[in-house]
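Summary of structural features
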Amino acid sequence: VVKGFKTGCNKALRALYPHDEGLLPLFEEGYHDRIVYRKGQLQAIKQYIDDNPRRLAIKRYYPQLFRKYLHIVIGGQDYAAYGNILLLREVEKVQVVVHRSDTIDEHNRNLSMWKDVIENGGVLVSPFVSPREKEVREMARDHGGKLIVLKENGFPEVFKPYGWEFDYCILGKLLLLAPWPFHYEKKRITRDQCLSLNSMASAICSITSQEGRVISEPQ
């Protein structure tokens, strides 16, 4: 039944756009099934499926913005990367880190600086773990800022950004970096991991645009 449905959709699309071979095949190989457990999960999955054609068309027309890199070495650290790798070439890359000991005045001064970075076309770099760091990330998104986000969890073999990450990939304003392998565990990030990710963010901010050119060559 599923095979017949997919075949029929491909034929219908070919009839609508006979000269645009880039749209076919409409479906990827294989399938992905998931057991629904939580209230509201079914509706979320339906919305994801409804939006699949739009995301697939965008990824095929702008493949350079949705590419996964397996080995990017920065400051001796090996990363997997996804998104606009050219963000590593940006001259102004500024780390976002909010300490618990920061006073209100210190935090407000940092916020003002990070806003200036965004308005000047620079890139904010951080794992964006703490609530106040996530607020900075949301502020950057509201103002169309560029982001390099370090992730505690790596990328599965088949990875597709979703939600705001997908929309930001479309704009070419997002690079995801993962220093560690993918895992299925549901666990909170540890303090040591946060400190490590912050150190990596600092190293990323210190690379020059010329070094970024070398790093961002296709792997």
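This text goes with the structure placed above it.
Reference entry: report on the structure contained in this document. (Residues numbered from 1 in each chain as written. Predicted model: local features only at pLDDT ≥ 70, side-chain atom pairs only at ≥ 80, totals over all residues. Heavy atoms only, no water.)

Okay, the overall build of the protein chain next. Broken down by element type, the protein chain carries 8 helices and 6 strands. Considering only C-alpha atoms, the protein chain reaches an extent of 60 × 45 × 30 Å along its principal axes. Relative to its full complement of 219 residues, the protein chain shows a buried share of 37%. Within the protein chain, contacts between residues separated by at least 24 positions form 66% of all contacts whose residues are at least 6 apart in sequence. Summed over all atoms, the accessible surface of the protein chain reaches about 13,900 Å², with 55% contributed by carbon and sulfur. (Helix = DSSP H or I, 4+ residues; strand = E, 2+ residues; numbered from the N terminus. Buried < 20%, exposed > 50% of the residue type's maximum accessible area, 1.4 Å probe, protein only. Contact = heavy atoms within 4.5 Å. Areas by Shrake-Rupley, 256 points an atom, 1.4 Å probe, with all protein chains shown as cover.)

So, about helix α4 (residues 104–119). With 16 residues, α4 should cover 22 Å at 1.5 Å per step; its first-to-last C-alpha distance of 22 Å lies within 8% of that length. Within α4, the full set of buried residues consists of H107, W114, V117 and I118. Seen along its axis, α4 keeps its buried residues to an arc of 95 degrees; they face one direction. Opposite its buried face, α4 presents the exposed residues D105, R109 and E119, each directed more than 90 degrees away. Of the surrounding secondary structure, the elements contacted by the buried residues of α4 are β3 (93–95), β4 (123–126) and α5 (131–142). After α4 finishes, the residue G121 shows a positive phi value of roughly 85 degrees. (Expected span 1.5 Å × (residues − 1). Arc of directions from axis to C-beta.)

Our next topic: the layout of surface pockets. The volume enclosed by the second largest pocket comes to roughly 170 Å³. Around the second largest pocket sit 15 residues that line it, and L70, A80, F155, W180 and P181 are the ones nearest its centre. Looking at the lining of the second largest pocket, the elements that each hand over two or more residues are β1 (68–74) and β2 (77–83). Each residue belonging to the lining of the second largest pocket can be placed in one class, and the counts come to 10 nonpolar, 2 polar and 3 charged. (1 Å grid on protein atoms, 1.4 Å probe; cavity = no way out; pocket = protein on both sides within 12 Å on 5 of 7 lines; lining within 4 Å. Points joined across faces, edges and corners; volume = space filled by probe spheres on them. Nonpolar A, V, L, I, M, F, W, Y, C, P; charged D, E, K, R; others polar.)

Now for the pattern of salt bridges. Within the structure shown, the criterion is met by 7 salt bridges. In this structure, the salt-bridge partner of D51 is R54, at a minimum N-O distance of 2.7 Å. Taking relative accessible area as the criterion, D51 reaches 21% and is therefore assigned partly exposed. (Salt bridge = Lys/Arg side-chain N within 4 Å of Asp/Glu carboxyl O.)

This brings us to the nonpolar core. Ranked by size, the top nonpolar core spans 27 residues in total, and within it W114, L124, L147 and L174 carry the most contacts. Sorting the residues of this core by element identifies β2, α4, α5, β5 (146–150), α6 (164–171) and β6 (174–178) as the ones contributing at least two each. Discounting residues that sit within four places of it in the chain, L147 has contacts with L87, V123, L124, F128, R137, A140, R141, W164, Y168, K173, L174 and L175. Membership of the second largest hydrophobic core comes to 20 residues, among which are V125, I148, L175 and L197. (Core = buried A, V, L, I, M, F, W, Y, C linked by side-chain atoms within 4.5 Å.)

Its identity as a non-glycine residue notwithstanding, F128 has a phi of 50 degrees, on the positive side. Among the secondary structure elements, F128 is positioned in the loop between β4 and α5. Since its relative accessible area comes to 2%, F128 is described here as buried.

Attention now moves to the pairing of β5. The buried fraction of β5 is high, at 4 of 5 residues. Here 4 bridges tie β4 to β5, and the two strands are oriented parallel to one another. Residue pairing for β5: L124 is matched across the bridge by L147. As a crossover connection, the stretch from β4 through α5 into β5 is right-handed. For β5 and β6, the ladder comprises 4 bridges, and the chain directions are parallel. (Pairing = 2+ DSSP bridges. Right-handed = clockwise from strand over helix to strand, strands pointing away.)

Right, let's get into the state of the cysteines. Evaluated as defined, the whole model comprises 0 disulfides. Unpaired in terms of disulfides, C169 finds its nearest cysteine sulfur in C205, a separation of 19 Å. Residue classification places C169 among the buried positions, given a relative accessible area of 1%. (Disulfide = S-S within 2.5 Å.)

Distances and angles like these do not, on their own, reveal function.
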